[in-house]
Amino acid sequence: MDLVERIRPEYDSLSLHVPIRAKKRMLGEIDVLARKGSKIDIYEVKCSHRIVKAKRQKRKMHKYLQTKFNFFFYCGSSGSLIML
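Note that the coordinates shown come from a computational prediction; the quantities given were computed from them, not determined experimentally.

A. Representation of the overall build of the protein chain within the structure. In terms of helices and strands, the protein chain carries two helices and five strands. The order of α-helices and β-strands along the protein chain, N terminus first, is α-β-β-β-α-β-β. Reported as C-alpha extents along the three principal axes, the dimensions of the protein chain are approximately 35 × 30 × 20 Å. Buried residues in the protein chain amount to 31% of all 84 residues. Across the protein chain, every contact between residues at least 6 apart in sequence was considered, and the portion connecting residues at least 24 apart equals 47%. Here the protein chain has roughly 5700 Å² of accessible surface; of this, 51% comes from carbon and sulfur atoms. Counting 19 positive and 8 negative side-chain charges, the protein chain places the averaged centre of each group 12 Å from the other.

B. Layout of the nonpolar core. Counting residues in hydrophobic clusters, the biggest one holds 12 residues: Ile-20, Leu-27, Ile-30, Leu-33, Ile-40, Ile-42, Ala-54, Met-61, Phe-69, Phe-71, Phe-73 and Cys-75. Counting residues per element, the ones that place at least two in this core are strand 2 (25–36), strand 3 (39–46), helix 2 (51–64) and strand 4 (70–75). Residues contacting Ile-40, with those up to four places away along its chain left out, are Leu-33, Ala-34, Arg-35, Thr-67, Lys-68, Phe-69 and Asn-70. Judged by nonpolar contacts, the second largest core, of nine residues, contains Leu-3, Val-4, Tyr-11 and Val-32.

C. Examining unusual backbone geometry more closely. Even without being a glycine, His-17 presents a positive backbone phi close to 55°. On the secondary structure map, His-17 appears in strand 1 (residues 13–22).

Definitions and limits used
Residues numbered from 1 in each chain as written. Predicted model: local features only at pLDDT ≥ 70, side-chain atom pairs only at ≥ 80, totals over all residues. Heavy atoms only, no water. Helix = DSSP H or I, 4+ residues; strand = E, 2+ residues; numbered from the N terminus. Buried < 20%, exposed > 50% of the residue type's maximum accessible area, 1.4 Å probe, protein only. Contact = heavy atoms within 4.5 Å. Areas by Shrake-Rupley, 256 points an atom, 1.4 Å probe, with all protein chains shown as cover. Lys, Arg positive; Asp, Glu negative; His and termini not counted. Charge placed at Lys NZ, Arg CZ, Asp CG, Glu CD. Core = buried A, V, L, I, M, F, W, Y, C linked by side-chain atoms within 4.5 Å.

Interpretation in functional terms is not warranted from these geometric data alone.
The structure is reproduced here in structure tokens:
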């Protein structure tokens, strides 16, 4: 994955395809969860530049995760990385 190789040097650890669950229900999946010390960054990967779905995923993560994080959108076709 291009994104993982691009950001790997900046973080202590990277986790891919992390499921988000509430009780027995699946709420979504974090494509890339990156950590550096106590800082957490979440990357949403899409093939096309459809940022609307990524924004919806961000709202969902803020609602269910109890920690502060930065959220990024990565477009695979153009290779662009945008902080939301």
